Amino acid sequence: MKLSLARDVTLTPVESGAVLLDGRRGRYFQLNASGSTILRKLLDGEAPDAAAASLTASAPVSDVQARQDVQALIDALSAAHLVEVAP
């Protein structure tokens, strides 16, 4: 799976995580620190399972929950048309 930002979407780090700005719709989506870290890993080409593993290493969360959280983030960003997912 390859994840990339959708066209006209910018990712800006902020103190509490990151903000995705959708220039087409004039809307933004805020991510907390964990979400920001996971998104950056996915954008850098890391597989969702590897991103989930890094989440379990840095937070008190089970492997199953981390995988669900990573997939939920991908699904939410995709549904909001902020990222594009290619096989």
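Residues numbered from 1 in each chain as written. Predicted model: local features only at pLDDT ≥ 70, side-chain atom pairs only at ≥ 80, totals over all residues. Heavy atoms only, no water.

Attention now goes to helix H1 (residues 33-43). Within H1, the full set of buried residues consists of Gly35, Ser36, Ile38, Leu39 and Leu42. Buried residues in H1, looked at end-on, bunch into an arc of 165 degrees, giving them a common side. The opening residue of H1 is Asn32, an N-cap whose side-chain oxygen sits 3.2 Å from the backbone nitrogen of Ser34. Just downstream of H1 lies Gly45, where phi reads positive at about 100 degrees. (Buried < 20%, exposed > 50% of the residue type's maximum accessible area, 1.4 Å probe, protein only. Helix = DSSP H or I, 4+ residues; strand = E, 2+ residues; numbered from the N terminus. Arc of directions from axis to C-beta. Polar contact = N/O pair within 3.5 Å; in protein donor to acceptor, adjacent residues only side chain to side chain.)

A separate point is the pattern of salt bridges. Tallying each qualifying case throughout the model produces five salt bridges. In this structure, Arg25 engages Asp22 in a salt bridge whose closest nitrogen and oxygen atoms are separated by 2.9 Å. According to the relative accessible area criterion, Arg25 is partly exposed, its value standing at 41%. Asp22 sits in the buried class, given a relative accessible area of 1%. Linking Arg67 and Asp63 is a salt bridge whose minimum nitrogen-to-oxygen distance equals 3.0 Å. (Salt bridge = Lys/Arg side-chain N within 4 Å of Asp/Glu carboxyl O.)

What follows concerns the packing of H1 against helix H2 (residues 48-58). Two elements in contact, H1 and H2, have axes whose closest approach is 9 Å; the angle formed by their N-to-C orientations is 145 degrees. As for the relative orientation of H1 and H2, their crossing is right-handed in sense. For the pair formed by H1 and H2, the contact residues are Ser34, Ile38, Lys41 and Leu42 on the first element and Pro48, Ala51, Ser54 and Leu55 on the second. Here the contact of H1 with H2 is composed, by residue class, of five nonpolar, two polar and one charged. (Axes fitted to C-alpha atoms, helices over the stretch in contact; angles between N-to-C directions. Left-handed = near helix turned anticlockwise from the far one by under 90°. Contact = heavy atoms within 4.5 Å. Nonpolar A, V, L, I, M, F, W, Y, C, P; charged D, E, K, R; others polar.)

Right, let's talk about the sheet that holds strand E4 (residues 27-32) for a bit. Taken in spatial order, the three strands line up as E2-E3-E4 in an open sheet, and their pairing is antiparallel. The open sheet has two edge strands with one neighbour each: strand E2 (9-14) and E4. In this sheet, adjacent strand axes meet at a mean angle of 20 degrees when their direction is disregarded. Sheet analysis places strand E3 (residues 17-22) next to E4, joined by six bridges and oriented antiparallel. Looking at the pairing, Leu21 lines up with Tyr28 of E4. (Pairing = 2+ DSSP bridges.)

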